[in-house]
Structure formats: structure tokens, C-alpha cells
Amino acid sequence: AWGRLADPAQGVELLTTDDWSRARSLATEMEALHARRQWLTDQVTRAALAMIDRDPSLLSDHHALVLSHPSWPSGISGIVAGRLAERFGKPAVLIASAPGQLARGSGRSVPGVDLVRALTECAPLLETFGGHVGAAGFTIKPVSVNRLRTALSQAVAGQVGPAPDQEQTIDAYVELEDLTDDLVADISRLAPFGPGNPPLAFAVLDLRLVGESTIGRAAKHRRLTVEDRQGSTRTVFWWHGADRQLPQGRFDLALRIRASDFRGNSEVQIEWLNARERVEPAIEAARQPPLTVRDYRGEPAPEIVLSALRAEGDTQVWSEGIG
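Quick caveat: nothing in here was measured; it's all calculated off a predicted structure.

Asker: Explain the side chain of Arg222 to me, using residue names and the numbers behind them.
Answerer: One can find Arg222 in strand β10 (residues 221-227). Overall, Arg222 belongs to the buried group, its relative accessible area being 9%. Among the polar contacts listed, one links the side chain of Arg222 to the side chain of Glu212, at a separation of 3.4 Å. Within the structure, Arg222 has its side chain in polar contact with the backbone oxygen of Gly241 (distance 2.7 Å). Discounting chain neighbours no more than four positions away, the residues touching Arg222 are Glu212, Ser213, Thr214, Ile215, Val236, Phe237, Trp238, Gly241, Ala242, Arg244 and Leu246.

Set out below in C-alpha cells:
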């Protein structure tokens with residue numbers, strides 16, 4: 001191997017062949033670790049969604065989503081919690097509860113909920129905890145997880161109160177044909193998303209439904225096919241939307257897009273956020289006032305009649321040439 005070289009003129013030490021070899025090896029190792037981390041994240045996300053499918057009350061009966069499993073790796077639980085909080089619009093906590101050890105939890109919040117404040121109210125159940133408004137971690141005895149689910153839900157409910165009517169924020173209006181891999185790649189440059197940097201929401205106007213089916217083990221989700229005025233169609237997924245009312249006519253759709261590699265196929269996944277039915281403006285024919293025609297050709301004093309007609313306002317006068 002070459003020795004380390006130096007450029008005295010520049011005062012810079014140059015990399016040798018061995019240095020480059022080690023750098024390439026380290027880069028390959030980091031790529032492998034990243035790929036494994038991404039695979040684990042996807043696996044835990046799917047497992048968490050399957051857990052909700054099996055027991056919908058975990059989501060529907062609580063103001064915070066608390067899920068626990070002994071085999072979940074604690075290193076990626078915060079990432080998955082963030083995905084779930086984003087998807088369901090409520091704080092989410094994932095707990096890795098390995099047997100014989102303190103369980104470790106990671107949580108992510110949503111705008112309007114201070115997660116550390118909520119955990120502070122649950123402090124008697126926790127061994128340790130810390131974090132900030134949007135993200136927090138803690139340790140807990142496994143036997144206390146169910147009690148934490150109830151306590152955290154109550155603490156979050158005390159912050160949010162009754163759910164207000166929410167307006168859907170739209171970042172950009174697009175066409176169906178704009179929802180491409182390139183757009184997903186551009187959006188990914190804005191990541192990570194979370195409190196203070198919410199994920200982007202788009203809207204496509206004037207669509208109609210041309211197909212729909214329920215999916216999932218418990219048929220809780222919908223796969224919808226929408227069509228625009230140009231005849232382009234796309235598949236849209238409405239998570240936990242199987243029991244929601246579909247638009248009856250043409251509608252505008254708020255959506256979010258992400259990359260999906262389901263079953264090894266890379267594609268753009270479109271997710272239903274909200275919709276509003278279009279109200280076409282009524283077209284009324286202009287109604288003209290009745291037209292009255294008066295003939296003054298035999299009038300002996302036409303100048304006086306003309307002055308009176310001008311005083312009436314909306315009057316048109318036609319006269320023949322004087323021979």
C-alpha cells in the first residue's frame with residue numbers, strides 16, 4: 001500500500017488508496033444499515049396497522065394511540081410513532097416491552113398537544129420520561145402499559161377538548177397527472193415532517209368516483225378509483241374510511257402522496273385526506289323587461305314629446321328622416 005501523501009505547496013494531506021478503500025467500505029456498510037433500518041420501520045408500521053385492524057378500539061376509544069409489542073426494536077419506534085400520528089391525527093406512542101426488562105416507549109405528537117405535559121400527568125406510572133412538545137421518550141413497567149393507555153388518553157383529552165370544526169389546509173392545487181415519482185422525490189427534500197413542518201397536502205379539483213372496494217382483514221379501509229375531466233384515473237387509498245360517506249357527485253379531493261414499495265413494486269401512493277362535493281352554480285336566463293312601443297309620428301309638437309321621453313330615462317328613440 002502507498003504511504004500517506006502530502007502536498008507541501010498546499011499544506012494539505014492527500015488520501016491514499018487505503019483511505020479510499022476504507023471510505024468505500026464504510027459507505028457500503030452505512031447503506032446496508034440504512035436499508036435494514038428502513039425495512040424494520042416498514043415491518044413495524046405494518047404490524048402496528050394490523051394491530052389496529054384487529055382491535056379498532058385502540059384508535060377509536062382513545063385520544064392517544066398507545067401500542068406495545070415485545071419484539072419491536074426500540075430504535076425505530078419513534079419513526080413509526082411519527083407515521084401513525086401523521087396518519088391518524090392524534091398523538092401516537094410505540095412501546096417495546098421485552099420480557100424481564102423495563103419497557104421503552106417513544107411518542108410523537110400532533111399540533112395542539114404538548115406530549116411532555118401529557119406524560120407529566122402520567123408520571124406516577126412511568127419510571128423515567130423526557131422530551132419536548134412534539135416528541136418524547138420514557139420507560140415503564142410492562143404491567144403498567146394498559147393503565148398508561150387510559151391515563152395518556154385522558155391527559156390528551158384535557159388539552160384538546162371537544163374536537164373543533166377543522167379547515168383543510170391545501171399547499172398546492174395539482175392535476176392527477178402531476179402526482180408522479182418526481183413530485184414525491186421533490187417533497188422528500190423537505191423532510192423530516194412533524195410539528196412545525198407538517199407534511200404537504202394537495203388538492204385535485206372536479207373528480208368523480210368510478211370504482212371502490214373495501215380492503216384489509218377487517219375491511220376497514222377503501223381503495224377508490226377517481227377520474228378527472230380529461231379521463232385520467234388514479235387509485236386512492238382511504239385509510240379507516242370504509243364506514244365514511246362517499247361523495248355522491250363530482251367532488252374536490254384533498255390528498256397526500258408518498259412513495260410505496262408494496263410487494264416490491266415502487267409506485268406513488270395517493271392517500272385520501274378530505275373531500276367536498278362540488279356545487280355547480282345555477283344558470284338563470286337573463287329576463288328582459290317588457291318592451292313598449294309608442295308611435296309619435298303624427299304628433300304636432302314632437303320637440304315637447306322628445307323632451308318628456310328623455311326625462312323617462314331608459315328610453316330609445318327612433319326617427320325617420322325629414323323629407
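Asker: Outline the pattern of salt bridges, listing residues and values.
Answerer: By the definition in use, this model includes 13 salt bridges. For Arg258, the salt bridge goes to Glu86, with nearest N and O atoms at 3.3 Å. Here Glu86 lies in helix α3 (residues 77-88) and Arg258 lies in strand β12 (residues 251-260), a separation of 172 residues in the sequence. What makes Arg258 partly exposed here is its relative accessible area of 25%. You can call Glu86 partly exposed: its relative accessible area is 26%. Measuring nitrogen to oxygen at the nearest pair gives 2.6 Å for the salt bridge that ties Arg250 to Asp206.

Asker: Which residues make up the environment of Ala275, and what values go with them?
Answerer: Looking at the element boundaries, Ala275 is found in strand β13 (residues 267-277). By relative accessible area, which is 29% here, Ala275 ends up partly exposed. Taking C-alpha positions, Ala275 is 9.7 Å from Leu205, a pair spaced 70 residues apart along the chain. Setting aside its immediate chain neighbours within four residues, Ala275 contacts Pro247, Phe251, Asp252 and Leu253.

Asker: Which residues make up the sheet that holds strand β6 (residues 126-131), and what are the values?
Answerer: Overall, mixed pairing links the 5 strands, which are arranged β3-β4-β5-β7-β6 in an open sheet. Two strands lie at the open edges of the sheet, namely β3 (65-69) and β6, each paired on one side alone. Across the sheet, the mean angle separating the axes of adjacent strands is 15 degrees when strand polarity is ignored. Here β3 runs beside strand β4 (residues 92-96); their pairing, made up of 5 bridges, is parallel. What sits directly across from Leu67, in β4, is Leu94. Contacts from α3 reach β3, β4 and β5 (103-108), with the element oriented near 40 degrees to β5.

Asker: A description of the packing of aromatic side chains should follow, citing residues and the corresponding values.
Answerer: Across all of its chains, the model carries 3 aromatic pairs by this definition. On the numbers, 5.4 Å between centres and 5 degrees between planes, the contact of Phe237 with Trp239 is stacked. Since its relative accessible area comes to 14%, Phe237 is described here as buried. Judged by relative accessible area, Trp239 falls into the partly exposed class, the value being 21%.

Asker: So what's going on with the nonpolar core? Which residues, and what values?
Answerer: Of all hydrophobic cores here, the largest spans 41 residues; its most connected members are Leu65, Leu67, Leu84, Leu148 and Leu152. Where this core is concerned, the elements lending two or more residues are α1 (17-54), α2 (57-60), β3, α3, β4, α4 (115-121), β7 (135-140) and α5 (145-160). Tallying contributions element by element places α5 first for this core, with 6 residues. Ignoring any residue separated from it by four or fewer positions in sequence, one finds Leu148 in contact with Ile95, Cys122, Leu125, Leu126, Phe138, Ile140 and Ser153. Membership of the second largest hydrophobic core comes to 21 residues, among which are Val174, Ile187, Phe202 and Trp272.

Asker: Please set out the pairing of β12 residue by residue, giving values where relevant.
Answerer: The element β12 is extensively covered by neighbouring structure, given that 8 of its 10 residues are classed as buried. When strand β9 (residues 202-215) meets β12, the two strands line up antiparallel, connected through 4 bridges. Its bridge partner lying in β12, Val204 is registered against Leu253. Bridge analysis of β12 against β13 gives 10 bridges, and the strand direction is antiparallel. Residue pairing across strands places Leu253 opposite Ala275, the latter belonging to β13.

Asker: Outline α5, supporting the account with residue identities and numerical values.
Answerer: It helps to recall that an α-helix has 3.6 residues per turn; residues three or four apart then point in one direction. The terminal C-alpha atoms of α5, which comprises 16 residues, lie 22 Å apart, in line with the 22 Å expected from a rise of 1.5 Å per residue. Three or more residues of α5 are buried, namely Val145, Leu148, Arg149, Ala151, Leu152, Ser153, Ala155, Val156 and Gln159. Packed against the buried residues of α5 are α2, β3, β4, α4, β6 and β7.

Calculation notes
Residues numbered from 1 in each chain as written. Predicted model: local features only at pLDDT ≥ 70, side-chain atom pairs only at ≥ 80, totals over all residues. Heavy atoms only, no water. Helix = DSSP H or I, 4+ residues; strand = E, 2+ residues; numbered from the N terminus. Buried < 20%, exposed > 50% of the residue type's maximum accessible area, 1.4 Å probe, protein only. Polar contact = N/O pair within 3.5 Å; in protein donor to acceptor, adjacent residues only side chain to side chain. Contact = heavy atoms within 4.5 Å. Salt bridge = Lys/Arg side-chain N within 4 Å of Asp/Glu carboxyl O. Pairing = 2+ DSSP bridges. Axes fitted to C-alpha atoms, helices over the stretch in contact; angles between N-to-C directions. Phe/Tyr/Trp six-rings, centres within 6.5 Å; stacked < 30°, edge-to-face > 60°. Core = buried A, V, L, I, M, F, W, Y, C linked by side-chain atoms within 4.5 Å. Expected span 1.5 Å × (residues − 1).

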